[in-house]
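The chain contents come next:
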Amino acid sequence: MQEVTADLKHRMRGVWRNAELVDPNTHNNKLATYHSWFAIPFSRNERMPINVPRYLYLDLSKHVMRNISRFRLRAHTLKVEAAAWHGDGSCVCDQCPGEDEHVQNEVHALLICQDHRVCELRKHFSFLFTPFFEDFSAAQPFLLQQVNNQLVHDFLPQQNNRFFLFF
Ligand SMILES: [Zn+2]
């Protein structure tokens, strides 16, 4: 039985090892997106139980918990996901002003989108952004360029990250 368990764990981790090779900024891939931005890392010790995301322990309504899960698992209505369901759909954000075309994915919604409603939320929760992103300010509550995946991964699980609950 131990051999079967060890083999299953090895195969499960293999799925994530393959996902590590894909950059969600350049490939529309749910597995890679989840792995790079939202997944809880495995313990180096394969005998340790798998960690569960912190928000599942919080006292949140079912509605909020469902929305967080949907966002983390790319089961939302951002353009990057909607385009996958509509053959000729565009991934470009339709909320950003100006001529620049940005893929409307999770990181875009959290950090880059210039939609005034999202900018107001970021200003309200500015204490979450300023330690991570030097470019962020009240005058410019959005980032002008992509950030690396590790920074996104570190930003989301902050102890007091209530901003994330709005998505
Ligand atoms: Zn946008």
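In the block above lies the structure referred to throughout.
Residues numbered from 1 in each chain as written. Predicted model: local features only at pLDDT ≥ 70, side-chain atom pairs only at ≥ 80, totals over all residues. Heavy atoms only, no water.

Within the protein, C93 (SG), C96 (SG), H108 (NE2) and C113 (SG) serve as the donor atoms for the zinc ion, at 2.1 to 2.4 Å. One way to put it: the four donor atoms around the zinc ion meet at angles of 100 to 123°, and that makes the site tetrahedral. The sequence pattern formed by the donor residues of the zinc ion is C-x2-C-x11-H-x4-C. You can see C96 sitting in the loop between α4 (79–85) and α5 (106–112) and its partner H108 sitting in helix α5, a full twelve residues away along the chain. Each member of the pair, C96 as well as H108, is classed as buried. (Donors = N, O, S within 2.8 Å, 3.2 Å for Na, K, Ca; no water. Tetrahedral: all angles 85-135°; square planar, octahedral: opposite > 155°, others 65-115°. Helix = DSSP H or I, 4+ residues; strand = E, 2+ residues; numbered from the N terminus. Buried < 20%, exposed > 50% of the residue type's maximum accessible area, 1.4 Å probe, protein only.)

By volume, the largest pocket amounts to about 640 Å³. Surrounding the largest pocket, 20 residues form its lining, E20, H35, I40, P41 and F42 being those nearest its centre. It is helix α1 (residues 2–19) that contributes the most residues to the lining of the largest pocket, four residues altogether. Split into classes, the residues belonging to the lining of the largest pocket amount to nine nonpolar, seven polar and four charged. (1 Å grid on protein atoms, 1.4 Å probe; cavity = no way out; pocket = protein on both sides within 12 Å on 5 of 7 lines; lining within 4 Å. Points joined across faces, edges and corners; volume = space filled by probe spheres on them. Nonpolar A, V, L, I, M, F, W, Y, C, P; charged D, E, K, R; others polar.)

This next bit is on helix α3 (residues 62–72). Residues of α3 that are buried: M65, N67, I68, S69, F71 and R72. The secondary structure elements touched by the buried residues of α3 are α2 (30–38) and α5. Residue R74 follows α3 closely and has a positive phi angle near 55°. (Contact = heavy atoms within 4.5 Å.)

Take a nonpolar patch on the surface next. A contiguous nonpolar patch, built from M1, V4 and L8 and spanning about 370 Å² of accessible area, is present on the exposed surface. Secondary-structure assignment places V4 in helix α1. On the basis of relative accessible area, V4 is assigned to the partly exposed category, the value being 46%. (Patch = residues over 30% accessible without salt bridge, like charges linked within 9 Å, V, L, I, M, F, W, Y side chains within 5 Å. Areas by Shrake-Rupley, 256 points an atom, 1.4 Å probe, with all protein chains shown as cover. Salt bridge = Lys/Arg side-chain N within 4 Å of Asp/Glu carboxyl O.)

Turning next to the packing of aromatic side chains. One pass over the structure, following the stated rule, counts ten aromatic pairs. Ring geometry for W37 versus F38: centroids 6.5 Å apart, planes at 90°, classification edge-to-face. Between F129 and F155, the ring centres sit 5.0 Å apart and the planes meet at 40°, which makes this aromatic pair tilted. Here F129, found in helix α7 (residues 126–129), pairs with F155, found in helix α8 (residues 149–155); they are 26 residues apart in sequence, far enough to count as distant. Across the pair, F155 and F129 agree in class, each one buried. Taken together, the ring pairs connect F129, F132, F133, F136 and F155 into an aromatic cluster. (Phe/Tyr/Trp six-rings, centres within 6.5 Å; stacked < 30°, edge-to-face > 60°.)

None of the figures reported here should be taken as evidence of function without further support.
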